[in-house]
Every structure is written in structure tokens, then in C-alpha cells.
Amino acid sequence: MNIEGARERWVRTGGVELCVAELGDASQPTVLLVHGYPDSKEVWSEVAERLADRFHVVLYDVRGHGRSTAPAPLRGGFTLEKLTDDFLAVADAVSPDRPVHLVGHDWGSVQGWEFATVERTEGRIASFTSMSGPSLDHFGHWIKSRMSRPTPRKVAQLFGQGAKSWYVYMLHTPVLPELAWRGPLGKRWPKMLERLENVPSGGGYPTASLPQDASHGAWLYRDNVRARLRRPRPDAYAHVPVQLITPLDDVFLSPKLYAELEHWAPQLVRRTLPAKHWVPRTRPDQVAAWIGEFVRANEDGIPAKEAVATGPYADRFGGQLVLVTGAASGIGRATAFAFAEAGARIVAVDRDAEGAMRTAEMARLIGAPEAWGEVVDVSDEQAMEKLAEKVATEYGVVDVLVNNAGIGLSGSFFDTTAEDWKKVLDVNLWGVIHGCRIFGKQMAERGQGGHIVNTASAAAYQPSRALPAYSTSKAAVLMLSECLRAELAGQGIGVSAICPGLVNTNITSTTRFAGADATEEKRLQKKTSRLYGLRNFPPEKVASAILRAVVKNRAVVPVTPEARGAHLMSRFAPRTLRAIARLEPPL
Ligand code: NAD
């Protein structure tokens, strides 16, 4: 047994003995985790440990897997009807008086759909969280509807999923899968999981029983797939609230499979993750957080749809930890609010204490389940280190980091003093370096992916005689983002550089004008503010672009028409851009 602190018991049912493990306080709501193929209950170890402080967590080896015994004969011993008997036997043993919260991955989820849609389990299941495993009945109807009314798009979807299902055909061949699993495939599987799926090796997973589990498990396919796809049940409606977690890069299942799921599961909540198939191993933090939130809402009697945020990209950011610097004002504040609307937990960081606290307070009102204000000067390395330590221990590892704090500095090169240069580079460049280095390192060490957004500027690629220091700092941020993007790609961490043009924020009233005395600086600030006010591009639109950039993992995102225009010119008409750079600023 590889799950720390687990208590074991055996449940007899239908001629087999199931090995059942329990964690946490049995008086708490029961979360029952069902593993897939070719796995044993240990696939859940990381998720189970994260849920055990709040719930009674139960896992069992499916018949013929791990330490559970196999039916004899194997043929006909793995039908969904028999698997439903097993589930009911385990549920009755571990939670006789209360329905359980069911969670399934891969074949555990295929089974879960059966349990959640047949009549005889009614009243025994409180909620169902499904990952990477569709209902065979829904799948059957999905194929039928595409075959009976084919359009080019539907045919492409059929072929797309057909190609991803190659292994299902293989598993239907006699004897070969058994030979492969007991031979070379079984030996190489842990390394293959590591290489192809980024599943960290070690920690007792996969267990030594893998070759035998995989051989027995071939009967899951043979006993069920053809029969159900040919004659799907017409009434496979879920009688419980369902949370669907869809890994977007699943090589075995197309997200399109779930397009019509609301028809079958009226109380459906959708979540998406930029991850491959084995999310219980690669994304245990996120998976456990979503299960916990869904179970809690159901226990509290909150309807599934009301329990989750509804803002744009809520399926992607719900429950994620997002840290935004420069969050007391302008683009940073709008970004914190947009993530809050999507249900993310927010850390609003700024050197302006009152502003940061206010952003956090408002983020909670908008939809963030939790939000905190933190005071720090991003250019202060030690202060950033301290903040990162605090965030990691108190709130967790950041999923999305937005290095946005920045200051303006205008004036010709010879008017810009060394002190001016230092100030602007300290905040605009070093602030971003510290953020990427300190928080990015935690992200990489956690090994569960993430995203870093750096706010650069259109000034990063558009030269001008008026902004030599500011533009240099932003060009450095842009290049840093590109380099880091290349370095972190293999670890599932995306990096985006956002390049806004003129955005109506407070930056114009705090921008320093090198070479100008106090009165002249005030006049220039007022004039610039008026100009940006007339342009009137709202920071909320930059915030939307930031969320989109994370979802689509964009590298460089010019925002505002002038920023997009300049970006095109920098590539296709750099001479014109250089000519424009020579013009006197209109101030
Ligand atoms: P803003 O002045 O409204 O907000 C900037 C925030 O950063 C403020 O709350 C400020 O207190 C904070 N900040 C400044 N220095 C800090 C430091 N050392 N440590 C912690 N916090 C600090 O400005 P904004 O327009 O929202 O700017 C946000 C980012 O967008 C900046 O990096 C800026 O360069 C960039 N940008 C702005 C525009 C624009 O037109 N507004 C255009 C392109 C890029």
C-alpha cells in the first residue's frame, strides 16, 4: 500500500474481494475515487492526501486490479452491471447511511457515468466528478448522431476521435494485449508515462501489479465497448449534479465528445485544464481543489451552477491562484477583477497598501472565493522573496503570475539621468525579473504547469525619441518573456508578453518627465492625461486580452489598434516606424 495513513479493508461481492482504502474522518462526507485503465487505486494517492483533511476519502482497486481479486472466468466478468454491483457494495460498506461523492478518472469515469445514470444507484450518489472518461451510452449516441446527419464538421469530429481511439481496437484483439503488457510494454510503461504524459515517476506509482492489471483490464473494453456503442441506452440521464473536468491535450479523448453533455446531465459544471490524460498525477492540486469545492457546494445544498463563477473563462480559472502586481490601479486592478469574475483566488500586490487592500476587497465581492492584498515594492528582491514565501505557505503555489507593476518615464536621452534610468529599470525590468525568478521557480518546482504574463508595452517594439528609458525597459521585458517561454515550454508553463498602446489609467499622472521642473512636469502630466482620456481605451479590455492570452497561450499580444498597427509595421515596414520615431512628441 502506497498511500500514507490509509486504513484498509476488504469487501466481498459477486465472487470477488475488493481491496478498499480509507483516509480521513469517517464522519465527514465520503468522496469515493475510482481509478482507470491501466491503473490501480494508487493513481489517486496525491489527490486523496489533499482531500483527506476535509473529507472521508475512499479508494478501491477495481476487480482484477491491484490487490482486488479477479473474476473467473475473466470473459463476462467485467460488465458495467457487475462493476455497478461492486460500487454499491463498497458504498454500502464505507458509507451506509449517506450518499457518496463519486469521482472517476478514465475507466473509473466510464464506470462512474454508468453508476450516475442507472436507476438502482439513485439515492446512493450525491455528486459525480468525471475526468477523461465518457459514458459509453453518450458516446454511442454521439457517433450515431454524426453518422445519421453527417456534415463535413461532424465527419471530421468522427475521424478525429476515431484516430484517438486506436488503442481501443488493439485491446479488442485476443491475447496480444496480454502478451504485450506482461512483456515489454509492462516494463516500459512507467518510462513512457514520464516521457509522453509528464507523469512524475516514483512515489509507488505505477504499482508492481501493472502488467496483471492491464491484462485483466482489457476485459473492461471487450465486455462493454462494442455492445454499448451499438445499442446505447436511450435513458442514460444523470440523476446527480456532475462536474466535468476536461484536459484539453488528452491524446485519447477529444473535448468535442462532450459537446452535447448538457442534454444528458442537466446539472453540469464544466472545467478545463491545459493538461494531458493523467491529471490525477500531473495536476493533483487543481483536481483536488475542484473536487473539494464541488463536494462542499453540494453538501451545503447550493445548486451546482450557482456554486461556480460564471464570468468569461470561469471553466478554466475557477479556484486557481492568480497573483497580480501593480494591482492597486489601472490595468493591474482590472486584471485582478477579471480573474475574480472567473472565480480565481486573487493575490493583489502593490506598493500602495490601501489600493491593494481595496482591490482584494472588491475582488471578493465580484466573485473571487478568496482574495488578499499584499504590500511590496517589486524592485526589492528581498521583499519579493519574503512575499513568495508567505504566498506559498499561506495561499499555495501561484497558477497564474501577472508581472504588471510599472512606471512611466518620458524625456530625451540626454535629459534622462543615471538615477532616472535606475528607477525605471528597477521597477519595469527588475520587478519582472524578480517575479519570474522567484514565483516562476516555485511554479516549475511544483511541476504542475502554470502561466506567467508580463506587461510590456507597444513601446517595446516601437522606437521613439521621447521614451528611450521606458521603451528600453519594455523591450527587455518582451525579450525576457520570449526567452523564458522557450525555456519553460517543456514544463507546461506558458509565458505571454502583453503590449498595450495608449490605455486610460493613472500612469499618465505619475509619469516622470526627465528634464522638466516641477511645474512643467505637472503641466505635461495633465496634458498627457487629457490625451489618454480622449483616446479612452479602457484597462478592462487589456484585462480581457490577458485572460485570453493565458487560455490560448499566446506569446506576444499587442492590445489597442495602434499597438497592433505598430507591431505589424515593426515586422513589415520598420523604416516607416523609424521615421515616425523621429517626430517631436505632440506635447
Ligand atoms: P497605473 O499607474 O494605473 O498602475 C500601476 C500600478 O503599479 C500602481 O498601482 C502602482 O502603485 C504600482 N507600482 C508602481 N511601481 C511599483 C513597485 N515598484 N512595486 C509595486 N507596485 C508598483 O498604470 P497602468 O497603466 O495600469 O500600468 C500597468 C502596466 O502597464 C505598467 O507596466 C505599464 O508600463 C504598462 N503599460 C501601460 C500603458 C498605458 O497606456 N497605461 C501602456 C503600455 C503599457
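Residues numbered from 1 in each chain as written. Predicted model: local features only at pLDDT ≥ 70, side-chain atom pairs only at ≥ 80, totals over all residues. Heavy atoms only, no water.

**Q** How should I be thinking about the site of the ligand in this particular structure?
**A** What surrounds the ligand is a group of 28 residues, the closest being Ser-329, Asp-350, Tyr-470, Val-503 and Thr-505. Asn-506 places a main-chain nitrogen or oxygen 3.4 Å from an oxygen atom of the ligand. Contact with the protein chains covers 95% of the free accessible surface of the ligand, which is 820 Å². (Near = heavy atom within 4 Å. Polar contact = N/O pair within 3.5 Å; in protein donor to acceptor, adjacent residues only side chain to side chain. Areas by Shrake-Rupley, 256 points an atom, 1.4 Å probe, with all protein chains shown as cover.)

**Q** What exactly am I supposed to notice about the domain arrangement of the protein here?
**A** Where interface size is given, it is often the accessible area lost as the parts come together that is meant. The assigned domain composition of the protein is domain 1 (7–306) and domain 2 (314–407 + 419–500 + 539–581). Put simply, the middle of domain 1 and the middle of domain 2, counted by C-alpha atoms, are 38 Å apart. Taken together, the contacts link twelve residues of domain 1 with eleven residues of domain 2. Across the domain 1 to domain 2 interface the summed buried area is about 910 Å²; carbon plus sulfur atoms make up 35%. Taken as a group, Thr-272, Arg-283 and Gln-286 account for 39% of the area that domain 1 buries against domain 2, more than any other trio of residues on that side. The tally of links from domain 1 across to domain 2 stands at one salt bridge. Counting the contacts that link domain 1 with domain 2 gives five residue pairs in polar contact (both at pLDDT 80 or more). Those elements giving two or more residues to the side of domain 1 that touches domain 2 turn out to be strand S8 (268–273) and helix H12 (284–299). (Domains from an automatic or database assignment. Contact = heavy atoms within 4.5 Å. Buried area = accessible area lost by both parts, 1.4 Å probe. Salt bridge = Lys/Arg side-chain N within 4 Å of Asp/Glu carboxyl O. Helix = DSSP H or I, 4+ residues; strand = E, 2+ residues; numbered from the N terminus.)

**Q** Got a minute to help me understand the sheet that holds strand S10 (residues 345–350) in this structure?
**A** Backbone-to-backbone hydrogen bonds pair the strands of a sheet. The strands run either parallel or antiparallel. As summarised here, the arrangement of the seven strands in space is S11-S10-S9-S12-S14-S15-S17, forming an open sheet in which the pairing is parallel. The open sheet has two free edges, formed respectively by strand S11 (371–375) and strand S17 (556–559), since each of these has just one partner strand. When the angles between neighbouring strand axes are averaged without regard to direction, this sheet yields 15°. In this sheet, S10 lies alongside strand S9 (residues 321–325) in parallel orientation, the contact comprising five bridges. Note on S10: the bridge partner recorded for Val-322 is Ile-346. Packing of helix H19 (residues 468–488) onto the sheet brings it into contact with strand S14 (450–455), strand S15 (493–500) and S17, and relative to S15 it is tilted by some 160°. (Pairing = 2+ DSSP bridges. Axes fitted to C-alpha atoms, helices over the stretch in contact; angles between N-to-C directions.)

**Q** How should the pattern of salt bridges be read in this particular structure?
**A** Two side chains bearing opposite charge may form a pair once their charged atoms approach each other closely. For the structure on display, the rule yields 34 salt bridges. Residues Asp-426 and Lys-422 are paired through a salt bridge, measuring 3.0 Å at the closest nitrogen-oxygen approach. In this pair, Asp-426 and Lys-422 both sit in helix H18 (residues 418–446), four residues apart, roughly one turn of the helix. According to the relative accessible area criterion, Asp-426 is partly exposed, its value standing at 23%. Accessibility expressed as a relative area gives 46% for Lys-422, which makes it partly exposed. Where Arg-512 meets Glu-521, a salt bridge forms, and the shortest distance between an N and an O atom there is 2.6 Å. Classification of Arg-512 as partly exposed rests on a relative accessible area of 31%. Owing to a relative accessible area of 16%, Glu-521 belongs among the buried residues under this scheme. Each member of the salt-bridge network shares a partner with another, and the members are Glu-46, Arg-50, Asp-285, Asp-399 and Arg-446. (Buried < 20%, exposed > 50% of the residue type's maximum accessible area, 1.4 Å probe, protein only.)

**Q** Help me understand the environment of Thr-508, please; the structure alone is not making it clear to me.
**A** Take Thr-508: it is sitting in helix H20 (residues 507–510). As a C-alpha pair, Thr-508 and Arg-530 span 22 residues in sequence and 9.0 Å in three-dimensional space. Excluding anything up to four places from it in sequence, Thr-508 contacts Gln-525, Thr-528, Ser-529 and Tyr-532. Within the local environment of Thr-508, its side chain forms a polar contact with the backbone oxygen of Thr-505, the two atoms lying 3.4 Å apart. At 3.0 Å, the side chain of Thr-508 and the side chain of Ser-529 are in polar contact.

**Q** Explanation requested: the environment of Val-324 in the structure shown.
**A** Looking at where Val-324 falls in the secondary structure, it is placed in strand S9. As a C-alpha pair, Val-324 and Val-375 span 51 residues in sequence and 12 Å in three-dimensional space.

**Q** I tried to follow helix H23 (residues 561–572) on my own but got confused; where do I start?
**A** Since the α-helix packs 3.6 residues into each turn, any two residues three or four apart lie on the same face. Relative to the 16 Å expected for twelve residues at 1.5 Å per residue, H23 spans 16 Å between its end C-alpha atoms, a close match to the ideal helical length. Taken together, the buried positions of H23 are occupied by Ala-563, Ala-566 and His-567. The buried residues of H23 occupy one face: seen down the axis, they fall within an arc of 105°. (Expected span 1.5 Å × (residues − 1). Arc of directions from axis to C-beta.)

**Q** I would appreciate a short explanation of a positive patch on the surface in the present structure.
**A** Together, Lys-144, Arg-226, Arg-230 and Arg-231 make up a positively charged patch on the protein surface. Within the secondary structure layout, Arg-231 lies in the loop between helix H9 (210–230) and strand S7 (242–247). You can call Arg-231 exposed: its relative accessible area is 60%. (Patch = residues over 30% accessible without salt bridge, like charges linked within 9 Å, V, L, I, M, F, W, Y side chains within 5 Å. Lys, Arg positive; Asp, Glu negative; His and termini not counted. Charge placed at Lys NZ, Arg CZ, Asp CG, Glu CD.)

**Q** Explanation requested: the packing of helix H2 (residues 80–94) against helix H3 (residues 107–117) in the structure shown.
**A** The description of two helices packed together rests on the angle between their axes and the distance between the axes. Between H2 and H3, the shortest axis-to-axis distance is 10 Å and the interhelical angle comes to 85°. It follows from the interaxial angle that H2 and H3 lie roughly perpendicular. Along the contact surface, H2 presents Leu-80, Leu-83, Thr-84 and Phe-87, while H3 presents Trp-107, Gln-111, Glu-114 and Phe-115. Within the contact of H2 with H3, the residues separate by chemical class into five nonpolar, two polar and one charged. (Parallel < 35°, antiparallel > 145°, perpendicular 65-115°, else oblique. Nonpolar A, V, L, I, M, F, W, Y, C, P; charged D, E, K, R; others polar.)

**Q** Could you clarify how one ought to interpret the state of the cysteines in this entry?
**A** Scanning all chains against the criterion turns up zero disulfides. A disulfide-free cysteine, Cys-483 has its sulfur positioned 11 Å from the sulfur of Cys-436, the nearest such atom. Cysteine Cys-499 remains unbridged, with the sulfur of Cys-436 as its closest cysteine sulfur at 14 Å. On the basis of relative accessible area, Cys-499 is assigned to the buried category, the value being 0%. (Disulfide = S-S within 2.5 Å.)

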